[in-house]
Each structure stands twice: as C-alpha cells, then as structure tokens.
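Remarks on the overall topology
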Amino acid sequence: AALLAGEVDIIQAVPSELIDTLMQTPGIQVKTAPGTQPKWIELNVNKEPFDDVRVRQALNYAVDKQLIIDEIYGGRAVALPGPLSPFNNFVNKNLSPYPYDPDKALSLLEEAGWTDSNGDGLLDKGGSSFSFTIDTLEEFRALAEAIAEMFRAIGIDASVRFWEYSVVRPQLLAGERMAYLDDWGDSAFDPVGHFEAKWHGYVDGSPYGRGNFSTYNNARVNELIVMGETTADPAERQKIYDEAQQIVYDEAPAVFLIVPDEAEAALAWV
C-alpha cells in the first residue's frame, strides 16, 4: 500500500499473491530471482508417530509440491531435492524431490499400522487417530494451510497454529512440538552455515543444531558435517556432503518442500 501510494520507493519480500498484480500496475516494477531460503516441515523424530521413518517418508509423498508452486507461488519456486537447496554448490545431484504419490503415502502408513479401520476416512492405530498440529509463522499461512489440506485428503487430521518465532523456538529446541514449517537461509551456497544448523544434533552453546527443530541426531551425519567443514578439496567435500544428504533424505526428518523466488518491487524510476 505504501509503494502504491508513493510513500516508499522500494519494498522487499513481496507476497507471492501480489506479484502479478504489481507487475501489471503502471509506475511499478517487480524483480524476481531464485531464492535462498528452503522451506520444509521439520518433524519431531522423537515423538510418535514421527519416530517411524515410514510415516515421515509418507508425509513427503503426500505433498503435491508442483501444485503449491503453481497455485501459491505462480510458478516462481522450485522443489527441494532433499535437505539442501538445488542452488547450493554442494547439492547432491543424484537426489530428486520426493514425487507426489498419495498411494505410496498410504501404503507406507499402512505398513506403519495406520489404517482407516472405522471407515470414516480418517487414519487410526490402536484406537488413536492420526492427528497433529503444524506450527508455523503467519508469513507461511497459505503454504501451511495448503499442506494441511493435503494431509487431510489422505486421512490425517492436520491443523495449523501460528506463533511468534521468539516464543516457539525454545519449545522446538526442547523437543516439545510435533511439526514446524519454516525456512533457513542458504545465501552462501555452501553447506557450512546451513547444514550444521538444521541437520546436526543440537549441541548447547555451539553452532551445531541451532536451528534443528526436528530433534534429528544421526552420528554419521554429525561426523560428515564436521568433515565437510574441515576438508579443503572440493571433490572430497562433494563426496562428504553427498553421503550426508542421502542419509537425511532417506531418514526424512522433514517434509522437504520448496525454494520460492525472492521478489522485490519499486517505483518505475528506481
């Protein structure tokens, strides 16, 4: 509103639903570029039912990332091929995004004991329904609500709750929440500064795991992260990070989502 009124010259982080409108507005210019903030839903791997890798993988298959990219982001996003952005210099090029396959999701959930035993369209196990809350921030409302609807479509009672980051972060690090939709900056295009924050086990008073909200802690991944930080040869680093990414991809401590484009708008004369 301030931009349209001429009160400001430049705005950042233009909401995706307003990009096309601004592009068609005389006197306004919009610039986009590939983004550096991968988005995912981190799943608490130490709480049922997310302590079962089949359940975590199932949720990855349950999300139609292309539909999200097309409908929410107007095509201005790419799917995540695992725990690193496809733009990262050390992304594992052998990994592909989990495909949208609700049948595969239901098959994995059935293997894990989750079925529609009551015939009401909702999954249950031992008399307990599959129900959880996706915690997130207001800025991710459209994305979170779309994903919750996709989970509900396969019988999971998923809801969304919005927080202030400063309030929810201590709870996440303490392992008190079930699922958290967020992003993490990857602007250096190198795993250092990014990988150790999200996928190394949490170590109090250190950089390791400072943004690890899934409580994921794999000894081999931890080892590889340190090796990647202290190895100079790029080819060796690639091998190290390829292995680490493969493990995290397979163990799926998160539902790997997308990397949206960044968008900024300005008055035409800028």
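As shown above, the structure is provided for reference.
Summary of the structure given here. Values in this document were obtained by computation on a predicted structure and should not be read as measured data. (Residues numbered from 1 in each chain as written. Predicted model: local features only at pLDDT ≥ 70, side-chain atom pairs only at ≥ 80, totals over all residues. Heavy atoms only, no water.)

Some words on helix H9 (residues 234–251)
Spelled out, the test is: Counting from the N terminus, the helices are DSSP H or I runs at least four residues long and the strands are E runs at least two residues long. In this scheme, a helix's expected span is set at 1.5 Å multiplied by one less than its residue total. Note on contacts: a residue pair qualifies if any of its non-hydrogen atoms lie within 4.5 Å across the two residues.
Given a rise of 1.5 Å per residue, 18 residues ought to cover 26 Å, and the 26 Å separating the end C-alpha atoms of H9 matches this to within 8%. Close packing links the buried residues of H9 with helix H7 (195–198), helix H8 (219–230) and strand E10 (254–260). Ala252 occupies a position one or two residues after H9 and carries a positive phi of about 45°.

Thoughts on the nonpolar core
Rules: In plain words, nonpolar cores are sets of buried Ala, Val, Leu, Ile, Met, Phe, Trp, Tyr and Cys residues tied together by side-chain atoms within 4.5 Å. Only protein chains enter the accessibility calculation, which uses a 1.4 Å probe; a residue is then buried when its area is under 20% of its type maximum, exposed when over 50%, and partly exposed in between.
In this structure, Ile41, Leu59, Phe130, Phe132, Ile147, Phe151 and Ile156 are the most contacted members of the largest nonpolar core, which totals 68 residues. Leaving out residues up to four positions away in the same chain, Leu59 has contacts with Leu43, Phe50, Phe130, Phe132, Phe151, Ile156 and Val255. Of all hydrophobic cores here, the second largest spans nine residues; its members include Ile19, Leu22, Ile28 and Val30.

Looking at the packing of H8 against H9
Threshold: Only the stretch in contact is used when a helix axis is fitted, and all axes are lines through C-alpha atoms; the angle between N-to-C directions ranges over 0 to 180 degrees. An angle counts as roughly parallel when it lies under 35 degrees, as roughly antiparallel when it exceeds 145, as roughly perpendicular when it falls between 65 and 115, and as oblique in every other case. When the near helix sits turned anticlockwise from the far one by under a right angle, the crossing is termed left-handed; a clockwise turn instead gives a right-handed crossing. Three categories are distinguished: nonpolar for Ala, Val, Leu, Ile, Met, Phe, Trp, Tyr, Cys and Pro, charged for Asp, Glu, Lys and Arg, and polar for the others, with Gly belonging to the last.
With their axes 9 Å apart at the nearest point, H8 and H9 run at an angle of 155° to one another. What the angle tells us is that H8 and H9 run roughly antiparallel. The interaxial crossing formed by H8 with H9 has left-handed handedness. Residues Arg220, Val221, Leu224, Ile225, Met227, Gly228 and Glu229 of H8 pack against Arg237, Ile240, Tyr241, Glu243, Ala244, Ile247 and Val248 of H9. Class assignment of the residues belonging to the contact of H8 with H9 gives a composition of nine nonpolar, one polar and four charged.

So, the pairing of strand E3 (residues 39–43)
The condition that has to hold: Strand pairing follows a simple DSSP-based rule, namely that at least 2 bridges must link the two strands.
Of all five residues that make up E3, five are buried, and the element is covered over most of its length. Burial of E3 is two-sided: the residues Lys39, Ile41 and Leu43 facing one way and the residues Trp40 and Glu42 facing the other way are all buried. Strand direction decides the pairing type here: E3 and strand E9 (residues 179–183), joined by five bridges, are antiparallel. Residue pairing for E9: Lys39 is matched across the bridge by Asp183. As defined by bridge partners, E3 adjoins E10 across four bridges and the pair is classed as antiparallel. Each residue of the ladder has a partner; that of Ile41, found in E10, is Val255.

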